[in-house]
Amino acid sequence: MSKRAIGIETGDKFIKAVELELIGDKTRLLNSVQRETKDKEEIISILWEFLGKEKSPKGMLCSSIPTHLAILRNLRLPFNNVKAINKAIRYEAEPHVPFPIEDVAIDFYVIEKAPDGKGMDILMVAVKEDIISEYINVLNAVSREPKGLTLDSFALLNASFLNPDLLAEGTVSLWINIGTTYTVLNVMHGTNLIFTRGILKGITQPNVEEFALLKREIDYTLLAIPLLKETDISKIVLSGEGSLIKGIDGYFAEKFNTGCLMFNPLEYIEYSNERTPLETGPLWTISIGLALEGIGKARTKIDILKRSSIAERGPFKGIKREVISLSILLLLIAGLSIFNIYLNLYLKKQKRTDIDSQIRKIFLEVIPGVTKIPNPLHQMNEKLNEKTKKLAYFSYLEEGAPSPLTVLYELSMKTPRGLKIDIRDMTIGEEGLRISGKADSYESLERLKRGLASSPYFVNIKDEGAHKDPSSESVDFNLSIRLSKAKG
């Protein structure tokens, strides 16, 4: 019996999808597609074409979320078995997640047992539910229900096991999947993934400046790994579109002073050179890693979808409840006077349908463009409250406070040049301006505050508890700024 699976990667500006088949112990590549995309609609169109409206492949469908959209933390927990970690992971993760814990899906990867034997080192993975929904909705749009959703870094990990000789025990290797706009970095100690990061930089041309920018980000990441202070990097393994650009392997080999090689997953599976040429193999590394999970050949399975509340409220559970209710109703009708009950139910149903139709019509007139209307009255009430809040803010603007555009302009002008500041969140509201993010040092944070204080619009700048992030040595901060209602 054969198994089929489809792996879909959408993290870069290209969508890549493959279909694998497992027959016995042989893995074969059946189909592949790579297209440049600009928006969600193009992704859906390409998936329709690949999956086929009439002859859709029946294999398991696995997809990924870009690693940079996840919250990752290396933790040491005082448990010696996976079952205990499963029970405690949400409580252990809560201090490290900057969102309500019920709004995220959490999974973990076991790195190894602690050196002293007391506990285990794990990599915690947390992804917001709304991000998961966004990726699931794309697949639902082509009438497919995904069976697995992981991070692309774990897909890269699974692909690396196609050649376990590259994961020699006791050695440290860097696995770098380079895209055009986005790069996945996995740091391996033997067969264990000890650190991973999604870097919002890629390579598009043989340009030393581009190579250097990516290397700088990699260097910054490696500083956070204690093991590398006492162990050298034994090799660098490249994959992805960027790995095919001339000169990148030599540049990395020279700068890291170690061997650098290209990883081609097609060398370890059967494929058609006509459909998918061998030289394109590095492009498919992550999508093949995803499909390997679907056919049961993944060494590591991190399934964010299974940990999400979306899985708990899957579409088939609702259908089962409706079928059971209908069956009970039919049994009751059979035991009564069929004509009278049927007529009564029919009239009530018609009346309910007419009322629902009127409510839906009014709802769409008030809130056009909504496709799912599970509770129109509740949804309209939420929209009304939202509009009321926005109107209250506009009345605040009429009293002479600076407009949002003015605030953004002042921020851009008063922020000192050259600062290493990562703004994560900014809110402009009735109470003023709130900014949260990361700075590379307390000195940079103070320079930012002094620069903002020089604006006539920003007064009473308060730092609400800046503290260092132990995993990256950067400074997390939250600034609260009252806006002046008159310039000068």
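Scroll up to find the structure this text is about.
### As for the pattern of salt bridges
Here comes step 1: Considering all chains together, one arrives at 17 salt bridges under this definition.
Here comes step 2: Lys 16 is the salt-bridge partner of Glu 241, the closest N and O atoms lying 2.9 Å from each other. Residue Glu 241 is found in the loop between β12 (233-239) and α6 (248-256), and its partner Lys 16 is found in strand β2 (residues 14-23); the two are separated by 225 residues along the sequence. When sorted by exposure, Glu 241 lands in the same class as Lys 16, which is buried.
Here comes step 3: In this structure, Arg 28 engages Glu 21 in a salt bridge whose closest nitrogen and oxygen atoms are separated by 2.3 Å.
Here comes step 4: Using a relative accessible area of 34% as the deciding quantity, one classes Arg 28 as partly exposed.
Here comes step 5: Judged by relative accessible area, which is 6%, Glu 21 ranks as buried.

### Describing the pairing of β12
Here comes step 1: Counting buried positions along β12 yields six of seven residues, so the element is predominantly enclosed.
Here comes step 2: In this sheet, strand β13 (residues 259-262) lies alongside β12 in parallel orientation, the contact comprising four bridges. Across the sheet, residue Lys 235 finds its bridge partner in β13, namely Gly 259.
Here comes step 3: Between the parallel pair β12 and β13, the chain is carried across by α6, and the sense of this crossover is right-handed.

### Re helix α2 (residues 82-93)
Here comes step 1: Among the residues of α2, Ala 84, Ile 85, Ala 88, Ile 89 and Ala 93 are the ones counted as buried. Looking straight down α2, one finds that the buried residues subtend no more than 150 degrees of arc, so they occupy a single side. Facing away from the buried side of α2 by over 90 degrees, the exposed positions are Lys 83, Lys 87 and Tyr 91.
Here comes step 2: The opening residue of α2 is Asn 81, an N-cap whose side-chain oxygen sits 3.3 Å from the backbone nitrogen of Lys 83.

What counts, and at which threshold
Residues numbered from 1 in each chain as written. Predicted model: local features only at pLDDT ≥ 70, side-chain atom pairs only at ≥ 80, totals over all residues. Heavy atoms only, no water. Salt bridge = Lys/Arg side-chain N within 4 Å of Asp/Glu carboxyl O. Helix = DSSP H or I, 4+ residues; strand = E, 2+ residues; numbered from the N terminus. Buried < 20%, exposed > 50% of the residue type's maximum accessible area, 1.4 Å probe, protein only. Pairing = 2+ DSSP bridges. Right-handed = clockwise from strand over helix to strand, strands pointing away. Arc of directions from axis to C-beta. Polar contact = N/O pair within 3.5 Å; in protein donor to acceptor, adjacent residues only side chain to side chain.

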